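Residues per chain are reported as follows:
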Amino acid sequence: MRFENKIMLITYADSLGKNLRDLDQVLARHFDKAVGGVHILPFFPSSADRGFAPMRYDIVDPALGSWDDVRRIGERRYLMFDFMINHISRQSPYFQDFLAKKDESEFADFFIRYKDFWPGGAPTQEQVDAIYKRKPKAPSVVAEFADGSREDVWCTFGEEQIDINIRSDRAQRFFRETLTHMAENNASIIRLDAFAYAAKRAGSSCFFVEPDTTELLRDMQEVLDPYDVMVLPEIHEHYTIQMQVADKGYWVYDFALPVLTLHALYSGEGSYLANWLMMSPKHQFTTLDTHDGLGIVDVKDLLPDEAVDYTKDKMFSEGANVKKVYNTEAYNNLDIYQVNTTYYSALGNDDDAYLLARAIQFFARGVPMVYYVGLLAGSNDIELLESTKEGRNINRHYYSVDEIDREVERPVVRDLVRLMELRNSHPAFDIEGELEADAQGSRLRIRRTAGEAWAQLDADLSSHSFEVTHS
């Protein structure tokens, strides 16, 4: 099934039940009209990072199912797959062949070798300082070859995730083959993970490097054009980068909405939120929650700095089991720009506040995405967090089928499903339709229109009460 203007679920293959077959059955039984699309987070064999260190893309991890299971889900719902364009697993056959054969490997230039990338073979301190990076040192790991030699290769994220040289002919072939295979297996959208890191130039920030980044995006879309499949670049940074990409005609993520909505619900002040709703692109996928933390960097200059600090402080003081320590090195989390929590717990596990947040999201421009924990209004999973010491696992609960059957009976989940079904079925939410938003004191009004059809949200941001009316 190709892309439709219906809400997309974000889920791991083994988080709503044990595998893809369970996922298909859960959706059919409980969310058939509420969920129109599914972003199945990486379901390929992987060595780390919950699937984001893929070893290969041609098969489904046998523990999760098969391509038949993926295609079966895609018969009733449009699908999005992840392509980690920036990196591949250290355990992949590509990197292992490189380690075994070094310069004789067909993958000798598939990876970014420091000796070739940097003039002089290594970066200066000034060049290291210029890099937009997740680590305090140069983003590298040592490759140890079968002949006993060693050299540095680029490694932006974890040491199991080795960066790919996008200028390599062999890498370009790998990109084309992988994207084509995904398109032939029912993908409607392919998410380019860590996209802004992929293009690198010595002396630059190595983040969203132009014109290289735009050229890469164009090239990947051209591969998919014959299949009527679109790319979706994943970029967490200043909102103006998303706007630049949108201006070029591509769909983008709205990663600013989560914190803007929290600010409005914490403070009772909706002007910043209303302003963003009016200026945001039509062709966007909106989020409140994803498999990562809540991004703070995405709202820079959409909220004053003091309002950002206020919102972060409120997450910890009003959120349910949202603690600063969960966002530190002690819990394997070094990204100071994200806060680890479920969205429901960020709002103090308050049903009214949570439903209003979702109503705001569903009235925003674009297509809403709902993370699986959010679909069930899930609280922070402290047990999983503490057993793994992985900060992001606070928002990665594993639901059994029996647990899901119980959770869907909660009034907050029932009400959420009804809101989702309205968003999917009412013509006022046409992608090319219009949006009006205004805030007066604690009152927020959002109106969507398309032709003669209309729908309106009237909310009190302080009491968290709201009403939805429509034609």
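1. Quick word on the overall build of the protein chain
Piece 1. Scanning the protein chain for helices and strands turns up 17 helices and 18 strands.
Piece 2. Scaling as 2.2 N^0.38, a compact globule of 471 residues should have a C-alpha radius of gyration of about 23 Å, and the protein chain matches this with 22 Å.
Piece 3. Reported as C-alpha extents along the three principal axes, the dimensions of the protein chain are approximately 70 × 50 × 45 Å.
Piece 4. Accessible area for the protein chain stands at about 17900 Å²; split by element, carbon and sulfur atoms hold 46% of it.

2. Some thoughts on the pattern of salt bridges
In a structure, side chains of opposite charge can pair up when their charged atoms sit close to one another.
Piece 1. Scanning all chains against the criterion turns up 37 salt bridges.
Piece 2. Aspartate 219 is paired through a salt bridge with arginine 218; the nearest N and O atoms lie 3.2 Å apart.
Piece 3. Among the charged side chains, a network of salt bridges with common partners joins Asp49, Asp292, Glu390, Arg392 and Arg396.

3. A short note on unusual backbone geometry
Piece 1. Put simply, glutamate 210 and proline 211 share a cis peptide bond, and its omega is 5°.
Piece 2. Even without glycine at this site, asparagine 321 takes up a positive phi of about 60°.
Piece 3. Within the secondary structure, asparagine 321 is located in the loop between α11 (305-318) and β13 (338-339).
Piece 4. Even without a glycine there, the phi angle at histidine 464 is positive, about 65°.
Piece 5. A relative accessible area of 17% places histidine 464 in the buried class.

4. A word on the nonpolar core
Piece 1. With 159 residues, the main nonpolar core has Phe31, Phe43 and Phe83 as its most contacted residues.
Piece 2. Considering every element that reaches this core, the biggest residue donor is helix α13 (residues 351-363), with nine residues.
Piece 3. With residues near it in sequence (within four places) discarded, phenylalanine 31 still touches Val26, Arg77, Leu375, Leu376, Val408 and Val417.
Piece 4. The next biggest cluster of nonpolar side chains, apart from the first, holds nine residues, and it includes Ile112, Tyr114, Phe117 and Val128.

5. Quick look at the packing of α13 against helix α17 (residues 411-425)
Helix packing for two helices is described by the angle between their axes and how far apart those axes are.
Piece 1. It is at 10 Å that the axes of α13 and α17 come closest, and there the two elements cross at 10°. Relative to α17, α13 is oriented roughly parallel. Residues Asp351, Tyr354, Leu355, Arg358, Ala359 and Phe362 of α13 form the contact with α17, whose own contacting residues are Val412, Asp415, Leu416, Leu419, Met420 and Arg423.
Piece 2. Considering only residue class, the contact of α13 with α17 consists of eight nonpolar, no polar and four charged.

6. Points about the sheet that holds strand β11 (residues 284-286)
Piece 1. Across the sheet, eight strands lie side by side as β9-β8-β3-β2-β1-β14-β11-β10; this open sheet has parallel pairing. Unpaired on one side and paired on the other, β9 (230-233) and β10 (252-254) mark the two borders of the sheet. Strand after strand, the sheet turns through a mean of 30° between neighbouring axes, direction not considered.
Piece 2. Judged from the three bridges that link them, strand β1 (residues 8-11) and strand β14 (residues 367-371) form a sheet pairing that is parallel. Paired with methionine 8 across the strands is methionine 369, a residue of β14.
Piece 3. Sheet strands touched by α13: β11 and β14. Its angle to β14, the strand with the most contacts, is close to 145°.

7. Here we look at α17
Piece 1. Between the first and last C-alpha of α17 there are 21 Å, a value that for 15 residues agrees with the 21 Å anticipated at 1.5 Å per step.
Piece 2. Listed as buried for α17 are Val412, Val413, Leu416, Val417, Leu419, Met420, Leu422, Arg423 and Asn424.
Piece 3. Where α17 is buried, its residues contact α13, β14, α14 (372-375), α16 (401-407) and β18 (465-470).

8. Quick look at the environment of serine 89
Piece 1. Checked against the element boundaries, serine 89 lands in strand β4 (residues 87-89).
Piece 2. Note on serine 89: relative accessible area 0%, which makes it buried.
Piece 3. Between the C-alpha atom of serine 89 and that of serine 204, which follows or precedes it by 115 residues, the distance is 25 Å.
Piece 4. Apart from the residues within four sequence positions on either side, serine 89 is in contact with Ser47, Ala53, Pro54, Met55, Phe95 and Glu160.

9. Notes on the packing of helix α6 (residues 169-183) against helix α7 (residues 212-224)
Piece 1. At a closest axis distance of 9 Å, the pairing of α6 and α7 adopts a crossing angle of 45°. With respect to α7, the element α6 is oriented oblique. The hand of the α6/α7 crossing is right-handed. Together, Gln172, Phe175, Arg176, Leu179, Thr180 and Ala183 of α6 and Leu216, Met220, Val223 and Leu224 of α7 make up the contact between the two elements.
Piece 2. Tallied by class, residues from the contact of α6 with α7 come to seven nonpolar, two polar and one charged.

10. A look at α6
Piece 1. Between the first and last C-alpha of α6 there are 21 Å, a value that for 15 residues agrees with the 21 Å anticipated at 1.5 Å per step.
Piece 2. Taken residue by residue, α6 has Arg170, Ala171, Gln172, Phe174, Phe175, Thr178, Leu179, Thr180, Met182 and Ala183 as its buried positions.
Piece 3. Where α6 is buried, its residues contact β3 (78-83), β4, α3 (93-101), β8 (187-192) and α7.

11. Examining the packing of aromatic side chains
Piece 1. Considering all chains together, one arrives at 41 aromatic pairs under this definition.
Piece 2. With a centroid separation of 5.1 Å and 70° between ring planes, the pair formed by phenylalanine 117 and tryptophan 154 is classed as edge-to-face. Placement of phenylalanine 117 in helix α4 (residues 114-117) and of tryptophan 154 in strand β6 (residues 150-154) is noted, with a sequence separation of 37 residues between them.
Piece 3. In this structure phenylalanine 117 comes out as buried when scored by relative accessible area, which is 18%.
Piece 4. Its relative accessible area of 1% is what places tryptophan 154 among the buried residues.
Piece 5. The ring of tyrosine 12 carries the charged tip of arginine 50 above its face, separated from the ring centre by 3.6 Å.

12. Considering the side chain of glutamine 284
Piece 1. Locating glutamine 284 in the fold gives a position in strand β11.
Piece 2. A polar atom in the side chain of glutamine 284 sits 3.5 Å from the backbone oxygen of proline 281.
Piece 3. In this structure glutamine 284 touches Trp251, Val252, Asp254, Arg365, Gly366 and Val367, once residues within four positions along its chain are discounted.

About the thresholds
Residues numbered from 1 in each chain as written. Predicted model: local features only at pLDDT ≥ 70, side-chain atom pairs only at ≥ 80, totals over all residues. Heavy atoms only, no water. Helix = DSSP H or I, 4+ residues; strand = E, 2+ residues; numbered from the N terminus. Rg over C-alpha atoms; globule rule 2.2 N^0.38 Å. Areas by Shrake-Rupley, 256 points an atom, 1.4 Å probe, with all protein chains shown as cover. Salt bridge = Lys/Arg side-chain N within 4 Å of Asp/Glu carboxyl O. Buried < 20%, exposed > 50% of the residue type's maximum accessible area, 1.4 Å probe, protein only. Core = buried A, V, L, I, M, F, W, Y, C linked by side-chain atoms within 4.5 Å. Contact = heavy atoms within 4.5 Å. Axes fitted to C-alpha atoms, helices over the stretch in contact; angles between N-to-C directions. Parallel < 35°, antiparallel > 145°, perpendicular 65-115°, else oblique. Nonpolar A, V, L, I, M, F, W, Y, C, P; charged D, E, K, R; others polar. Pairing = 2+ DSSP bridges. Expected span 1.5 Å × (residues − 1). Left-handed = near helix turned anticlockwise from the far one by under 90°. Phe/Tyr/Trp six-rings, centres within 6.5 Å; stacked < 30°, edge-to-face > 60°. Lys NZ or Arg CZ within 6 Å of the ring centre and 35° of its normal. Polar contact = N/O pair within 3.5 Å; in protein donor to acceptor, adjacent residues only side chain to side chain.

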